[in-house]
Each structure stands twice: as C-alpha cells, then as structure tokens.
Amino acid sequence: MPGLVTTELAEFIRPGASPGTACLLAAASCPSLDVVLLSAGTAHHWAAAKATTAAPLDPGHLRKVTDVLAQG
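To keep things clear, this report deals only with the structure shown in the data block. Treat the numbers as computed from the prediction; the structure is a model and nothing was measured. (Residues numbered from 1 in each chain as written. Predicted model: local features only at pLDDT ≥ 70, side-chain atom pairs only at ≥ 80, totals over all residues. Heavy atoms only, no water.)

### Remarks on the overall build of the protein chain
Note the threshold: Secondary structure counts use DSSP, requiring at least four H or I residues in a row for a helix and at least two E residues in a row for a strand, with both numbered from the N terminus. The atom set for the radius of gyration is the C-alpha atoms, and the globule formula is 2.2 Å times the number of residues raised to the power 0.38. A 1.4 Å probe rolled over the protein chains alone gives each residue an accessible area, and that area as a share of the maximum for its type sets the label: buried under 20%, exposed over 50%, partly exposed in between. Residue contacts follow a heavy-atom distance rule, with two residues in contact if any of their heavy atoms lie within 4.5 Å. For the accessible areas, the method is Shrake-Rupley and the probe is 1.4 Å, while residue cover comes only from the protein chains on display. None of His or the chain ends enter the tally, which takes Lys and Arg as positive and Asp and Glu as negative. Where a charge sits is defined by one atom per residue type, namely NZ (Lys), CZ (Arg), CG (Asp) or CD (Glu).
Scanning the protein chain for helices and strands turns up 4 helices and 0 strands. In terms of C-alpha radius of gyration, the protein chain reaches 12 Å, essentially the compact-globule figure of 11 Å for 72 residues. Counting only C-alpha atoms, the protein chain reaches 35 × 25 × 20 Å along its principal axes. In the protein chain, buried positions account for 25% of the 72 residues. Put simply, of all contacts in the protein chain between residues at least 6 apart along the chain, 56% involve residues at least 24 apart. Just so you have it, the protein chain exposes about 5000 Å², and 63% of that area is on carbon and sulfur atoms. Between the averaged position of the 4 positive side-chain charges in the protein chain and that of its 5 negative side-chain charges there is a distance of 7 Å.

This is the structure we're talking about:
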C-alpha cells in the first residue's frame, strides 16, 4: 500500500508522515478495529510503528481522509 500513497496524501493524513506511516495510521485509526498485525525488520521500525498506533487519527479527520479517497 505505501506505493499507492503519494506524498501529498501522506501529508494530508498526518503532516510529516511517510507513505508507510500514513497507511499504518489510517488502518490503526479505523473504529472497531481491535488488532493490526504488523512486522518490523528493526527495533527502530517497531518503535516507529508503536508510536504511530499510539496516536490514531481523530474520527473527524479519518472521515475526511476516506472522503478524499472515495473521490479517487
């Protein structure tokens, strides 16, 4: 999925986020989603993923993101 996310979309999802971080953030912010399985190749990547999932998008912003994606 990170290959499908432009830098502009990643910036819209969360300013300063990389495409990979933006994808994880969008998935982890979905309501009623209890578990996100992920794998990290390094301790640094694991810490970054943990930090990303600890600060999900607020529901209003997530709705805006899905509206933008729905427009194509």
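After presenting the structure, the write-up continues.
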